[in-house]
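Structural characterization, general
The primary structure of each chain is shown beneath.
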Amino acid sequence: MKRSLALVALLALSSAGAVSAYWAVARQRDYRKALSRGDTALREDQTFAAIEAYSGAIALRGDSMLAYLRRGETYQRRGDRGDLDAAARDFRKAASLDPSATHPLESLGDVLYQVQRYGNAADAFAQCLRLDDRSARVSYKLALSRYRDGDVNGALAAVNQAVRLDDRMADAYYLLGICLREKRRMSDALPALEKAVALSPGLIAAREELADVFAALGRRGDELEQLQLLAGLDRD
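Residues numbered from 1 in each chain as written. Predicted model: local features only at pLDDT ≥ 70, side-chain atom pairs only at ≥ 80, totals over all residues. Heavy atoms only, no water.

**Brief notes about helix α6 (residues 118-131)**
- For α6, spanning 14 residues, the distance from its first C-alpha to its last is 20 Å, which sits close to the expected 20 Å at 1.5 Å a residue.
- As for α6, its buried residues are in contact with α5 (103-114) and α7 (136-148). (Helix = DSSP H or I, 4+ residues; strand = E, 2+ residues; numbered from the N terminus. Expected span 1.5 Å × (residues − 1). Contact = heavy atoms within 4.5 Å.)

Put into structure tokens, the structure is as follows:
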């Protein structure tokens, strides 16, 4: 009798395990389908449908970094202030679910920069760089956020790192020139701005700064040359 009862209990446990495994597989299948629907909707710029699909994926798997990341990217694409706030929440959640991932942190920094929370954006980019300090792009974003937040010294440190990692970034050299000019280091700002316009001859803002630096250094002829080039660019 005892042996029979044990056998019944074992069969019951096996059956329960099989049912549980079945539902786990079905849940994973539905999760993947929801993600796929979201991706398809996003490619077709159907942002409401994409958000609905990604939300369904999150309901099925609340630990999915990818679903939160994709939904955040969709909110970011919509671009309203409320959507950007929602995007920031999703990116934070994605980052907490996978602390080793840099993508959610960089995306969080981008959104915070968009809503002009420059100090918070800088914090996100700095955290991203602590995970991977080889990204010139993120170093530049950190520098720009710090500059917008009024931290010129911090911006200088980050933008110097950006140009060390990639010496072909015209925007980084332009920002470097601006920071050095604000520190009244005109002789140092000059080669940075010259490098910026050499890399991107049509970068009007850099040429304007370069003309101003030439003027501050008393190089009137070089200033006039830049102003003439600017006039030609404006006509183009």
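From this point, the narrative continues.
**Here's the deal with the nonpolar core**
- Judged by nonpolar contacts, the single largest core of 70 residues is most densely connected at Tyr140, Leu142, Ala172, Tyr174, Leu175 and Leu176.
- Among the elements that line this core, the one with the most residues is helix α9 (residues 170-182), at 9 residues. (Core = buried A, V, L, I, M, F, W, Y, C linked by side-chain atoms within 4.5 Å. Buried < 20%, exposed > 50% of the residue type's maximum accessible area, 1.4 Å probe, protein only.)

**With respect to the environment of Arg43**
- Note that Arg43 resides in helix α1 (residues 2-43).
- The class for Arg43 is exposed, based on a relative accessible area of 65%.
- A polar contact is formed between the side chain of Arg43 and the side chain of Thr40, at a distance of 3.2 Å. (Polar contact = N/O pair within 3.5 Å; in protein donor to acceptor, adjacent residues only side chain to side chain.)

**So, the packing of helix α8 (residues 152-165) against α9**
- Axis separation between α8 and α9 bottoms out at 9 Å; the angle between their running directions is 150 degrees. For the pair α8 and α9, the sense of crossing is left-handed. Together, Val152, Ala155, Leu156, Val159, Asn160, Ala162 and Val163 of α8 and Ala172, Tyr173, Leu175, Leu176, Cys179, Leu180 and Glu182 of α9 make up the contact between the two elements. (Axes fitted to C-alpha atoms, helices over the stretch in contact; angles between N-to-C directions. Left-handed = near helix turned anticlockwise from the far one by under 90°.)

**Quick notes on the packing of α6 against α7**
- Relative to each other, α6 and α7 sit at 155 degrees, their axes nearing to 8 Å. By the angle between their axes, α6 is roughly antiparallel relative to α7. Crossing handedness for the pair α6 and α7: left-handed. Here Tyr118, Ala121, Ala122, Phe125, Ala126, Cys128 and Leu129 of α6 come into contact with α7, specifically with Val138, Ser139, Lys141, Leu142, Ser145, Arg146 and Arg148. (Parallel < 35°, antiparallel > 145°, perpendicular 65-115°, else oblique.)

**Observations regarding helix α2 (residues 47-60)**
- For α2, spanning 14 residues, the distance from its first C-alpha to its last is 20 Å, which sits close to the expected 20 Å at 1.5 Å a residue.
- Those residues of α2 that fall on the buried side of the exposure criterion are Thr47, Ala50, Ile51, Ala53, Tyr54, Ala57 and Ile58. For α2, the angular spread of buried residues about the axis comes to 165 degrees, placing them on one side. The exposed residues of α2 that point more than 90 degrees off its buried face are Phe48, Glu52 and Ala59. (Arc of directions from axis to C-beta.)

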